[in-house]
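Spelled out from the first residue to the last, the chains are:
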Amino acid sequence: MKKLLSILMVFGMFLTTGLRAFADDSQEALKFFNSYVAAANSYNPVITTLYSPNAKIIRQVVKPDGGLVDVNTNTATYIKQMKLGQAGAKMRGYKNTYTNISVASLGNGAYKISSLRQPKGETYKLKTYMVVKKVNGKWQIIEEMMQTKEQIFLKYADKK
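Report on the accompanying structure.

Scoring rules and cut-offs
- Residues numbered from 1 in each chain as written.
- Predicted model: local features only at pLDDT ≥ 70, side-chain atom pairs only at ≥ 80, totals over all residues.
- Heavy atoms only, no water.
- Phe/Tyr/Trp six-rings, centres within 6.5 Å; stacked < 30°, edge-to-face > 60°.
- Helix = DSSP H or I, 4+ residues; strand = E, 2+ residues; numbered from the N terminus.
- Buried < 20%, exposed > 50% of the residue type's maximum accessible area, 1.4 Å probe, protein only.
- Lys NZ or Arg CZ within 6 Å of the ring centre and 35° of its normal.
- Salt bridge = Lys/Arg side-chain N within 4 Å of Asp/Glu carboxyl O.
- Pairing = 2+ DSSP bridges.

**With respect to the packing of aromatic side chains**
Okay, step 1: Tallied over the entire structure, the rule returns five aromatic pairs.
Okay, step 2: Taking 6.5 Å as the distance between ring centres and 75° as the angle between the ring planes, the aromatic pair formed by Y36 and Y51 counts as edge-to-face. Here Y36 is found in helix α1 (residues 2-41), whereas its partner Y51 is found in strand β1 (residues 51-62), with 15 residues between them in sequence. Of the two residues examined, Y36 and Y51, each falls in the buried class.
Okay, step 3: Joined through ring pairs, the aromatic side chains of F33, Y36, Y51, Y78 and Y98 make up one cluster.
Okay, step 4: Sitting above the plane of the Y129 ring, K112 keeps its charged end 4.4 Å from the centroid.
Okay, step 5: In this arrangement the basic side chain of K149 is found over the ring face of Y124, its NZ or CZ atom lying 4.1 Å from the centre.

In structure tokens, the structure reads:
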């Protein structure tokens, strides 16, 4: 009986330690997401350093009929577009508000942060998620999907 209790106690300690590590990492991932939001909404150039050089970037265009079209791009192209768009966004005071934020472990140290994004001045909310992971001790976005109603992105969609 004592042996069984000892085994259960050791197992409980390992379980508690593992859950605490998950909680710490998920909180770090959430903190990283919040720093991303702050950088984006303040037009801070540091935002370009938050992406992995080979991140998967998806803009999901919501068509007027409700259909969805994924537009994929690479990190370099996305950052170039972001830099071009920042000046106009700053002049207009464009910002996004994020709600319904959730963090889920994907294993291998990666976390998926899902939320709803509401552009300033709009009443609708759009789905978004990012997958973040520590790379060489630094959190980075390794995948990002943001829905948009901007139909201009359709010209970049793969023609199949």
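Next comes the rest of the description.
**Overview of the pattern of salt bridges**
Okay, step 1: Here the structure, examined in full by the defined rule, presents two salt bridges.
Okay, step 2: In this structure, R59 engages E144 in a salt bridge whose closest nitrogen and oxygen atoms are separated by 2.7 Å. Here R59, found in strand β1, pairs with E144, found in strand β6 (residues 138-148); they are 85 residues apart in sequence, far enough to count as distant.
Okay, step 3: For E144, a relative accessible area of 0% puts it in the buried group.

**Brief notes about unusual backbone geometry**
Okay, step 1: At Y43, a residue that is not glycine, the phi angle is positive and equals roughly 60°.
Okay, step 2: Unlike most non-glycine residues, N108 shows phi in positive territory, near 55°.
Okay, step 3: Along the chain, N108 falls in the loop between β3 (96-107) and β4 (110-119).

**A few points about the pairing of β3**
Okay, step 1: Pairing geometry for β3 and β4, over nine bridges, is antiparallel. When the bridges of β4 are listed, S105 appears paired with Y111.
Okay, step 2: Hairpin connection of β3 to β4: two residues between the antiparallel strands, including N108 at a positive phi of 55°.

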